[in-house]
Amino acid sequence: GQLDLEHTNDPETVTLAGAVEKKYFELGQGDDHLSKAILFFQRGYYLLNNRYNSINLAYMQNCRANSSLCTTKEEQIADMVYANHTRRRVLEVCENELNELAKREERGKTMPEDNKEMQVQRMYNNEQKFWIYVNKAEAHFALGEFEESKQAIALAKLIDHKPWMMESFEEQQAKLRVLLERNGHLLNPPWKEPV
């Protein structure tokens, strides 16, 4: 209450609030948390235009399309379409970030290998690349671009990462698969995972 979550535009606050509300919803605490998660991720999406808020906003819209909050087929279709529109933006952001990382890594090649600051920067770059690739994989998967999704996953697996990172991605993609199996037929063309 002290943070004034209804009105704040502090990027870190709305991002964290979205994550908390998403978790409450996933723990079965009700559709009110789903609505709040969408609101916070939307705000974060518009404030930051970043992968994290965007990919989570798209996922939560698919959740809403499968919830009691959508009372008509048209509302379901709207959420499904907007989720995929958001994923197209995720892919653009990912490409921009990969280009920036490549430039940063090129500049870093002039630094000595044992430079502590460069070692920290390389670790950070690798972690970011991992998340970029799994965000791309999730976006492509939901868009029905399965080969591109597999390629992005393969690239993510090449990057040194902690096991929980891949588990987190796989868990969300498994939930997304269920949502798309239920309502993917509302898209044009319909979403259908190859056998």
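Residues numbered from 1 in each chain as written. Predicted model: local features only at pLDDT ≥ 70, side-chain atom pairs only at ≥ 80, totals over all residues. Heavy atoms only, no water.

Student: Before we go on, may I ask you to explain the confidence of the model for the protein in this structure?
Tutor: Low pLDDT marks regions whose predicted coordinates should not be analysed in detail. Across the protein, the average pLDDT comes to 94, with 99% of residues at 70 or higher. Here helix H5 (residues 116–142) is the element of the protein with the lowest mean pLDDT, 93, and helix H6 (residues 146–158) is the one with the highest, 98. (pLDDT = per-residue confidence, 0-100. Helix = DSSP H or I, 4+ residues; strand = E, 2+ residues; numbered from the N terminus.)

Student: In this structure, what is going on with the nonpolar core? I would like to understand it.
Tutor: Side chains of a nonpolar character, in soluble globular proteins, are inclined to be buried together. With 21 residues, the main nonpolar core has Phe130, Val134, Ala156 and Phe169 as its most contacted residues. Secondary structure elements with two or more residues in this core: helix H4 (73–108), H5, H6 and helix H7 (163–183). Among the elements that make up this core, the one with the highest residue count is H5 (7 residues). (Core = buried A, V, L, I, M, F, W, Y, C linked by side-chain atoms within 4.5 Å. Buried < 20%, exposed > 50% of the residue type's maximum accessible area, 1.4 Å probe, protein only.)

Student: Just checking my understanding: could you explain the environment of leucine 158 for this structure?
Tutor: Looking at where leucine 158 falls in the secondary structure, it is placed in helix H6. Between the C-alpha atom of leucine 158 and that of phenylalanine 130, which follows or precedes it by 28 residues, the distance is 8.7 Å.

Student: Any chance you could explain the packing of H6 against H7 here in plain terms?
Tutor: Between two packed helices, the angle of one axis relative to the other and the distance separating the axes together describe the packing. Relative orientation of the contacting elements H6 and H7 amounts to 160°, with a least axis distance of 12 Å. Judged on the interaxial angle alone, H7 and H6 are roughly antiparallel. With respect to the hand of their crossing, H6 and H7 are arranged in left-handed fashion. Along the contact surface, H6 presents Ser149, Ile153, Ala156 and Lys157, while H7 presents Met166, Phe169 and Gln173. Looking at the contact of H6 with H7 residue by residue, the classes come out as 4 nonpolar, 2 polar and 1 charged. (Axes fitted to C-alpha atoms, helices over the stretch in contact; angles between N-to-C directions. Parallel < 35°, antiparallel > 145°, perpendicular 65-115°, else oblique. Left-handed = near helix turned anticlockwise from the far one by under 90°. Contact = heavy atoms within 4.5 Å. Nonpolar A, V, L, I, M, F, W, Y, C, P; charged D, E, K, R; others polar.)

Student: Help me understand the pattern of salt bridges in this model?
Tutor: Pairing between side chains of opposite charge can happen when their charged atoms approach one another. For the structure on display, the rule yields 12 salt bridges. Salt-bridge contacts for glutamate 100 lead to lysine 103; the nearest nitrogen and oxygen are separated by 3.6 Å. You can see glutamate 100 and its partner lysine 103 sitting in helix H4, 3 residues apart, about one turn around the helix. Residue classification places glutamate 100 among the partly exposed positions, given a relative accessible area of 43%. Of the residues examined, lysine 103 reaches a relative accessible area of 47% and is grouped as partly exposed. Here glutamate 171 and lysine 175 are joined by a salt bridge, their closest N and O atoms 3.3 Å apart. You can see glutamate 171 and its partner lysine 175 sitting in helix H7, 4 residues apart, about one turn around the helix. (Salt bridge = Lys/Arg side-chain N within 4 Å of Asp/Glu carboxyl O.)

Student: Help me understand the packing of aromatic side chains, please; the structure alone is not making it clear to me.
Tutor: Under the defined criterion, the tally for this structure stands at 7 aromatic pairs. A centroid spacing of 5.2 Å and a plane angle of 80° characterise the contact between phenylalanine 130 and tryptophan 131, whose relative ring orientation is edge-to-face. Of the two residues, phenylalanine 130 and tryptophan 131, neither departs from the other in class, the shared state being buried. Considering the side-chain rings of phenylalanine 141 and phenylalanine 146, the 5.7 Å spacing of their centres and the 80° angle between planes classify their relative orientation as edge-to-face. Considered together, phenylalanine 141 and phenylalanine 146 belong to a single accessibility category, that of buried residues. Feature note: the residues Phe130, Trp131 and Trp164 constitute an aromatic cluster, connected by ring pairs. (Phe/Tyr/Trp six-rings, centres within 6.5 Å; stacked < 30°, edge-to-face > 60°.)

Student: Help me understand the side chain of glutamate 138 in this model?
Tutor: Here glutamate 138 is to be found in helix H5. Buried within the structure, glutamate 138 lacks any salt-bridge partner; its nearest side chain of opposite charge belongs to arginine 87, at an N-O separation of 4.9 Å. Those residues in contact with glutamate 138, other than ones at most four positions away along the chain, are Ile55, Tyr59, Arg87, Phe169, Gln172, Gln173 and Leu176. (Lys, Arg positive; Asp, Glu negative; His and termini not counted.)

Student: Quick question: what am I supposed to make of the environment of aspartate 160 here?
Tutor: As for its position among the elements, aspartate 160 is in the loop between H6 and H7. What makes aspartate 160 exposed here is its relative accessible area of 72%. The sequence separation of aspartate 160 and glutamate 127 amounts to 33 residues, and the corresponding C-alpha distance is 8.0 Å.

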